[in-house]
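# Commentary on secondary and tertiary structure
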Amino acid sequence: MKIKLEEYVRDDGSNPYQRWFDGLDAQAAAKVTVAKVRMELGNLSSVKWFRGIGEYVIDWGPGYRIYLAQEGDTLIILFGGSTKRGQQKAIDQAVALHEEYKARKKALATSKKGRKP
């Protein structure tokens with residue numbers, strides 16, 4: 001099963017996932033890139049689900065994590081990442097971003113319903 005990954009972009013144009021990824025060193029970035037490819041191929045065995053989001057655990061170095069949410073069977077939204085040390089703060093941020101994503105999606109659906117063809 002092929003899964004599409006998208007990075008969440010906020011209303012102000014900021015991209016929390018990209019900001020986190022850009023701060024990684026080359027080796028960590030390579031490990032995260034491999035994890036993304038595995039998710040795209042449908043391998044979600046390293047994802048732990050809780051509080052409406054997922055945490056992809058990379059068992060290497062300081063223990064990198066990627067925070068995400070699944071939308072249907074074929075789409076994953078990436079919210080950010082952290083190491084084990086910054087885990088709780090990153091989880092709280094990912095939960096908040098997921099709520100923001102759902103609210104924007106609902107508002108968009110509502111505005112589309114109000115339009116006449």
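The structure this text deals with has already been given above.
Residues numbered from 1 in each chain as written. Predicted model: local features only at pLDDT ≥ 70, side-chain atom pairs only at ≥ 80, totals over all residues. Heavy atoms only, no water.

## So, the pattern of salt bridges
All told, the structure shown has eight salt bridges when counted by the stated rule. The residue Glu-55 makes a salt bridge to Arg-65 at a minimum N-O spacing of 3.8 Å. A residue pair is termed long-range when its members are at least 10 positions apart, and Glu-55 in strand β3 (residues 53-58) and Arg-65 in strand β4 (residues 64-71) qualify at 10 residues. Classification of Arg-65 by relative accessible area gives buried; the value is 7%. Its salt-bridge partner being Lys-102, residue Glu-99 comes within 3.1 Å of it at the nearest N-O pair. Of this pair, Glu-99 and Lys-102 both sit in helix α3 (residues 87-114), three residues apart, roughly one helical turn. Residue classification places Glu-99 among the partly exposed residues on the basis of a relative accessible area of 43%. Take Lys-102: its relative accessible area is 37%, and that puts it in the partly exposed class. (Salt bridge = Lys/Arg side-chain N within 4 Å of Asp/Glu carboxyl O. Helix = DSSP H or I, 4+ residues; strand = E, 2+ residues; numbered from the N terminus. Buried < 20%, exposed > 50% of the residue type's maximum accessible area, 1.4 Å probe, protein only.)

## Some details on unusual backbone geometry
Although it is not a glycine, Arg-51 sits at a positive phi angle of roughly 50°. Along the chain, the position of Arg-51 falls in the loop between β2 (47-50) and β3.

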